[in-house]
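Descriptive structure summary
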Amino acid sequence: DRSSLFQLIQEQLDPEQTGFIAVENFTSLAEHHELQLDPSKLEMLLALVQSNEHGHVCYQELIELLNSKRSSSFRRAIANGRRTLQREILLDETGLGVYKRFVRYVAYEILPCETDRRWYFHQNRLCPPPVFMAIITIVQIIVFMCYGVMLNKWVLQTYQPDFMKSPLVYHPGHRAQIWRFFSYMFMHVGLEQLGFNALLQLMIGVPLEMVHGILRISLLYMAGVVAGSLTVSITDMRAPVVGGSGGVYALCSAHLANVVMNWAGMKCPYKLLRMILALVCMSSEVGRAVWLRFSPPLPSSGPQPSFMAHLSGAVVGISMGLLILRSYEESLHKQCSWWVLIFSFITFLLFAIFWNIFAYELLGVQIPPPP
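Note that this is a predicted model, so its numbers are computed, not measured.

Criteria and thresholds
Residues numbered from 1 in each chain as written. Predicted model: local features only at pLDDT ≥ 70, side-chain atom pairs only at ≥ 80, totals over all residues. Heavy atoms only, no water. pLDDT = per-residue confidence, 0-100. Helix = DSSP H or I, 4+ residues; strand = E, 2+ residues; numbered from the N terminus. Contact = heavy atoms within 4.5 Å. 1 Å grid on protein atoms, 1.4 Å probe; cavity = no way out; pocket = protein on both sides within 12 Å on 5 of 7 lines; lining within 4 Å. Points joined across faces, edges and corners; volume = space filled by probe spheres on them. Nonpolar A, V, L, I, M, F, W, Y, C, P; charged D, E, K, R; others polar. Axes fitted to C-alpha atoms, helices over the stretch in contact; angles between N-to-C directions. Left-handed = near helix turned anticlockwise from the far one by under 90°. Patch = residues over 30% accessible without salt bridge, like charges linked within 9 Å, V, L, I, M, F, W, Y side chains within 5 Å. Areas by Shrake-Rupley, 256 points an atom, 1.4 Å probe, with all protein chains shown as cover. Salt bridge = Lys/Arg side-chain N within 4 Å of Asp/Glu carboxyl O. Phe/Tyr/Trp six-rings, centres within 6.5 Å; stacked < 30°, edge-to-face > 60°. Buried < 20%, exposed > 50% of the residue type's maximum accessible area, 1.4 Å probe, protein only. Lys NZ or Arg CZ within 6 Å of the ring centre and 35° of its normal.

This next bit is on the confidence of the model for the protein. Averaged over all residues, the pLDDT of the protein equals 82, while 74% of them reach at least 70. Summarising per-element confidence for the protein, the mean pLDDT is lowest in helix H5 (residues 72-80) (49) and highest in helix H10 (residues 180-183) (96). Below pLDDT 50 for its whole length, residues 77-87 participates in 28 contacts with residues either more than four positions away or in separate chains.

Below you can see the structure in the form of structure tokens.
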């Protein structure tokens, strides 16, 4: 088993516990060891040790690799080493089942490097499953259907006074109720907005969550949601907010920016056409939101939801999201740029909190009475 392999490596190849093993010794052990190792993992082990220019390999890196972890130095060794992996193209894999073909599809959709794609393909165990985006979408659909049945209205629900009375909607008159800065993502203007957001969340969010994990993608999505409502409270102070567009645009803009930054390495089919279609759809959705905000057919119903959440979500995606997607299996907390982004986001949060506490009264903003 794996523990006996660790013990064998340490006792025979590093008896003095220096932390390093000679390349020749480990290569001989890896090629003739009687324990059964995953062929793809053995292949990567040999690529690591034979690409080392110093004649030795770090024992800790071997342990991390055998435990399905990789350090940035290992990735650089594979990329820059003299040895290349034998099967260079994951698309050459044959005889795959339906699930494994889907995993390969996700790898080519999200990752720009063939080594990363192969690593993800061989290490994927569907644990944990991509449940965050699925749960968010299901809850949004359930909430929309409940209000649709209750109001007997499936489009432009914001023109229905009872809709705006919901405890989930963000309204400037209720900004002291902190949960509204999050919960508005479960409410939608109508069937068209819900359908657009749900489609993008599932098509882009689920593959991203499968590759980068629930913690990173949920952080990115929720950062877009919070930034959306806070931006509206600063820039469009009389408007309410509904819909999950802040989080959706954070995911989409991060993914599109990652594709552009790694254009040559991305092997997803029809990437230019698909990017153009995505930009057209996103722009159309923003245009619809702008029209709804400034040209409501029923002005007496009060200000309509703001479109600023879309734009702030896109900014979050391009800044924070792009770094997350470019740091596949690398620790974010070890990167200086990550802490710069976190500091900037916290600064924005503090500014927005003080703005919501003091600015409305100081500026004399006439807030429409809350429903």
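Next comes the rest of the write-up.
Here we come to the layout of surface pockets. Considered as a void within the structure, the second largest pocket measures approximately 470 Å³ in volume. Lining the second largest pocket are 21 residues, and of these Leu-200, Met-203, Ile-204, Arg-274 and Ala-278 sit closest to its centre. If one sorts the elements of the lining of the second largest pocket by residue count, helix H14 (residues 271-294) sits on top with seven residues. A per-class count over the lining of the second largest pocket returns 17 nonpolar, one polar and three charged.

Looking now at the packing of helix H12 (residues 214-235) against helix H15 (residues 308-326). Orientation of H12 relative to H15, taken along the N-to-C sense of each, is 145°, at an axis distance of 8 Å. Between H12 and H15 lies a crossing of right-handed hand. Residue-level contacts link Arg-216, Ile-217, Leu-220, Ala-223, Gly-224, Ala-227, Gly-228, Thr-231, Val-232 and Thr-235 of H12 to Met-308, Ala-309, Ser-312, Gly-313, Val-316, Gly-317, Met-320, Gly-321, Ile-324 and Leu-325 of H15. When the residues that make up the contact of H12 with H15 are grouped by side-chain class, the tally is 11 nonpolar, eight polar and one charged.

A few words on a nonpolar patch on the surface. Taken together, the side chains of Ile-346, Leu-350, Ile-353, Phe-354, Ile-357, Phe-358, Leu-362 and Leu-363 define a hydrophobic patch exposed on the protein surface, amounting to about 850 Å² of accessible area. Its place among the elements puts Phe-358 in helix H16 (residues 336-363).

Right, let's get into the packing of aromatic side chains. Taken as a whole and judged by the stated rule, the model has nine aromatic pairs. Seen from their ring centres, Tyr-170 and Phe-181 are 5.0 Å apart, and the 50° between their planes marks the pair as tilted. Pair noted here: Tyr-170 is in the loop between helix H9 (161-164) and H10 and Phe-181 is in helix H10, with a separation of 11 residues, a long-range link. Neither residue differs from the other here; Tyr-170 and Phe-181 are each classed as buried. Consider the rings of Phe-345 and Phe-348, whose centres lie 6.4 Å apart with planes at 45°: the pair is tilted. Residue Phe-345 and its partner Phe-348 are both found in helix H16; the two are separated by three residues, about one turn of the helix. When the ring centre of Tyr-360 is taken as origin, the NZ or CZ atom of Arg-175, which lies over that ring, is 3.8 Å away. The residue whose ring lies beneath Arg-293 is Phe-294, and the NZ or CZ to ring-centre distance is 5.5 Å.

A few words now on the environment of Pro-172. The residue Pro-172 is located in the loop between H9 and H10 in this model. In sequence terms Pro-172 and Pro-368 are 196 residues apart; their C-alpha atoms lie 8.2 Å from each other. Beyond its immediate stretch of four places on either side in the chain, Pro-172 contacts Met-237, Arg-238, Ala-239, Pro-240, Tyr-360 and Ile-367.

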